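Structural description and commentary
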Amino acid sequence: MKVRRVVTGKNAEGKSVVISDGSSPREMVLKHTPGFVSSPLWKDEGTPDLTRRDGADLMSSGGTMVLPAGGSSFWVITFPPDSVLMSPDWNPAVAGPELGEASPGIAERMEPDNPGMHETPTVDYVTVVRGMVVLELDDGKTVELHPGDTVVQQGTRHAWRNPASEPATISVVLLGAKT
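Residues numbered from 1 in each chain as written. Predicted model: local features only at pLDDT ≥ 70, side-chain atom pairs only at ≥ 80, totals over all residues. Heavy atoms only, no water.

1. A short note on the environment of Asp 139
Inclusion rule: Numbered from the N terminus, helices here are DSSP runs of H or I no shorter than four residues, and strands are runs of E no shorter than two. Throughout, exposure labels follow a simple rule: accessible area from a 1.4 Å probe, protein chains only, divided by the maximum for the residue type, with under 20% read as buried, over 50% as exposed, and the rest as partly exposed. Counted as a polar contact is a pair of N or O atoms within 3.5 Å, where, for protein atoms, one must be capable of donating a hydrogen and the other of accepting one, and residues adjacent in sequence contribute only when both atoms are in side chains.
Looking at the secondary structure, you find Asp 139 in the loop between strand 7 (133–137) and strand 8 (142–145). Judged by its relative accessible area of 61%, Asp 139 falls in the exposed class. Measuring from C-alpha to C-alpha, the distance between Asp 139 and Met 86 comes to 23 Å, with 53 residues separating the pair along the chain. A polar contact is formed between the side chain of Asp 139 and the backbone nitrogen of Lys 141, at a distance of 2.8 Å.

Here it is in structure tokens:
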């Protein structure tokens, strides 16, 4: 699922305008993990400044999507079915670096002994957009989620699983939190 991103702002006269309309410059359709699409849409390292009128695209530079307390980021992620990751054709040695590039700030928090499990110093607002995903927590508890279901995740260790046969898409806002 490619994501269209419309960014608005104000011109020099204070009138609302469209600054950009199209994909995020950091959107990645992964080659080595078919069906995985990472669409980091926006980030702000602190309190948003509505007086800024330079039209800068805050996604034009790289860096983490997991920001410090007071920062925020917005991300849409499409997960392939778990069967893609279990396929004998899937090569983690080749896919790993690409997944790291597609998931800046998350990839380095992944647990090598428990693939997919991670924890971030954020409060996350998650909505399932398409498909079905399973939220797995560190006590083995799982929650099946469908389109329209939401999760408020408060810095908990977790993983996202897609046991279905079709890709699943979530929309996530990450808020940097005190720890």
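2. What about the environment of Trp 160?
To be explicit about the condition: In what follows, residue pairs with any heavy atoms lying within 4.5 Å of each other are defined as contacts.
Locating Trp 160 in the fold gives a position in strand 10 (residues 158–161). Linking Trp 160 and Gly 116, residues 44 residues apart in sequence, is a C-alpha distance of 6.8 Å. Setting aside anything within four residues of it in sequence, one finds Trp 160 in contact with Phe 79, His 118, Val 126, Val 133, Val 134, Leu 135, Leu 145, Val 151, Gln 153 and Ile 170.

3. Looking at the pattern of salt bridges
So the rule is basically this: Put simply, a salt bridge is a Lys or Arg side-chain nitrogen that is within 4 Å of an Asp or Glu carboxyl oxygen.
Across all of its chains, the model carries five salt bridges by this definition. Linking Glu 27 and Lys 2 is a salt bridge whose minimum nitrogen-to-oxygen distance equals 3.1 Å. Residue Glu 27 is located in the loop between strand 2 (16–22) and strand 3 (28–29), and its partner Lys 2 is located in the segment before strand 1 (5–10); the two are separated by 25 residues in the primary sequence. We classify Glu 27 as buried; its relative accessible area is 13%. Using a relative accessible area of 59% as the deciding quantity, one classes Lys 2 as exposed. Note that Arg 4 is salt-bridged to Asp 21, the shortest N-O span being 2.7 Å.

4. Quick look at the layout of surface pockets
Stated precisely, the cut-off is as follows: A pocket, in this scheme, is an open set of points on a 1 Å grid over the protein atoms alone with protein on both sides within 12 Å along at least 5 of 7 lines, while a cavity is a set where a 1.4 Å probe fits but cannot get out; residues line either one if an atom lies within 4 Å of a point. Grid points are joined across faces, edges and corners, and a volume is the space filled by probe spheres set on the points. Classes in brief: Ala, Val, Leu, Ile, Met, Phe, Trp, Tyr, Cys and Pro nonpolar; Asp, Glu, Lys and Arg charged; the others, Gly included, polar.
A volume near 860 Å³ is recorded for the largest pocket. If you trace the largest pocket, you find 36 residues lining it, with Phe 36, Phe 79, Met 110, Pro 115 and Gly 116 closest to the centre. Sorting the residues of the lining of the largest pocket by element identifies strand 5 (72–79), helix 1 (82–86), helix 2 (92–102), strand 6 (122–130), strand 10 and strand 11 (168–176) as the ones contributing at least two each. When its residues are assigned to classes, the lining of the largest pocket shows 21 nonpolar, 11 polar and four charged. The computed volume of the second largest pocket comes to approximately 540 Å³.

5. Remarks on the sheet that holds strand 7
Basically, it comes down to this: When DSSP finds two or more bridges between two strands, those strands count as paired. Lines fitted to the C-alpha atoms define the axes, with helices restricted to the stretch that makes contact. Angles between their N-to-C directions range from 0 to 180 degrees.
The strand order 8-7-10 describes an open sheet built from three strands, whose pairing is antiparallel. With partners counted over all chains shown, the strands left at the sheet margins are strand 8 and strand 10, one partner each. In this sheet, neighbouring strand axes are inclined to one another by 20° on average, regardless of whether the strands run parallel or antiparallel. As defined by bridge partners, strand 7 adjoins strand 8 across four bridges and the pair is classed as antiparallel. Note that in strand 8 the partner of Val 133 across the bridge is Leu 145.

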